[in-house]
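Remarks on the overall topology
Chain residues, written in single-letter form:
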Amino acid sequence: MHPDTHALIVIDVQNDFCPGGALEVPQGDRVVPGINALMKEFGAVILTQDWHPAGHSSFASQHAGKEPFDTVEMPYGPQILWPDHCVQGSAGSAFHPDLQVVRADMIVRKGYNPKIDSYSAFFENDHETPTGLHGYLQERGLTTLTMAGLATDFCVKFSALDAAKLGYPVTVREDLCRGIDLDGSLEAARQEMREAGVTLSQGA
Ligand code: VGL
Ligand code: ZN
């Protein structure tokens with residue numbers, strides 16, 4: 001059991017990121033049993049949920065002549081375009097059916113702003129619009145974080161880097177994450193996280 005100042009943050013364990021989903025992460029569903037078991041070791045459990053309006057600007061379908069996984073320039077910087085995924089209220093946006101959602105104290109939704117993507121649990125992709133999670137953690141006295149979920153090289157990475165920047169000691173349970181791995185993005189993400197002082201763990 002971790003001290004009650006230590007929170008588990010479970011990133012985007014949703015149907016669309018699992019095999020058969022719109023933006024499937026290879027073996028994404030494999031993280032579920034281990035995450036459920038890990039929840040028992042924490043007094044505070046927070047889930048994030050990717051939650052896009054239909055026609056979101058991160059969808060390739062909204063950009064003439066573009067395909068999923070192409071990159072475009074947005075006012076806030078380069079943006080990878082994705083297949084339509086995690087549309088608010090769709091079956092794909094729901095949590096994996098075996099994830100113990102009942103254990104969650106808090107669910108943070110992100111990506112609901114039509115014009116900005118939001119990979120991180122803390123800030124949208126402009127790196128300045130907050131989700132409110134930092135304030136929530138501060139008000140509850142949650143000072144140390146462990147993260148797991150999908151995808152290692154996108155939402156988990158951006159969440160962990162922002163947590164480190166905000167001053168939280170943060171551990172990423174790599175054994176309970178899976179990556180998309182576009183052009184070496186998984187190894188690059190591991191390197192970036194290590195350089196930012198994030199602890200990468202393969203489990204106890
Ligand atoms: C994610 C791409 C687009 C993720 C979300 O959860 O890693 N990746 N939206
Ligand atoms: Zn998304």
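The sections below set out a description of the structure shown in this document. Computed from a predicted structure; not experimentally measured. (Residues numbered from 1 in each chain as written. Chains lettered and ligands numbered in written order. Predicted model: local features only at pLDDT ≥ 70, side-chain atom pairs only at ≥ 80, totals over all residues. Heavy atoms only, no water.)

1. Brief notes about the site of ligand 1
Ligand 1 sits among Asp-12, Phe-17, Leu-23, Asp-50, Trp-82, His-85, Tyr-119, Leu-150, Ala-151, Phe-154 and Cys-155. Side-chain polar atom of Asp-50 to a nitrogen atom of ligand 1: 3.1 Å apart, as the coordinates give it. Within the backbone of Cys-155, an N or O atom sits 3.0 Å from an oxygen atom of ligand 1. Within the complex, 100% of the 260 Å² of free accessible area of ligand 1 lies under protein. Classifying every residue of the shell around ligand 1 by side-chain character gives eight nonpolar, one polar and two charged. (Near = heavy atom within 4 Å. Polar contact = N/O pair within 3.5 Å; in protein donor to acceptor, adjacent residues only side chain to side chain. Areas by Shrake-Rupley, 256 points an atom, 1.4 Å probe, with all protein chains shown as cover. Nonpolar A, V, L, I, M, F, W, Y, C, P; charged D, E, K, R; others polar.)

2. Regarding unusual backbone geometry
Of the consecutive residues Leu-150 and Ala-151, the connecting peptide bond is found in the cis state with omega at -15°. We note that Phe-69 has phi near 80°; this positive angle belongs to a residue other than glycine. As for its placement among the helices and strands, Phe-69 is situated in the loop between strand S2 (44–50) and strand S3 (71–74). In this structure Phe-69 comes out as partly exposed when scored by relative accessible area, which is 39%. For Asp-183, which is not glycine, the phi dihedral falls at a positive 50°. As for its position among the elements, Asp-183 is in the loop between strand S7 (170–178) and helix H4 (185–195). (Helix = DSSP H or I, 4+ residues; strand = E, 2+ residues; numbered from the N terminus. Buried < 20%, exposed > 50% of the residue type's maximum accessible area, 1.4 Å probe, protein only.)

3. Re the packing of aromatic side chains
In the structure shown here, the tally under the stated rule is six aromatic pairs. Taken together, a centroid distance of 5.8 Å and an interplanar angle of 90° make the contact between Phe-69 and Trp-82 edge-to-face. Placement of the pair is Phe-69 in the loop between S2 and S3 and Trp-82 in the loop between strand S4 (77–80) and strand S5 (106–110), with a sequence separation of 13 residues. An aromatic cluster of at least three residues, connected via ring pairs, comprises Phe-69, Trp-82, Tyr-119, Phe-154 and Phe-158. (Phe/Tyr/Trp six-rings, centres within 6.5 Å; stacked < 30°, edge-to-face > 60°.)

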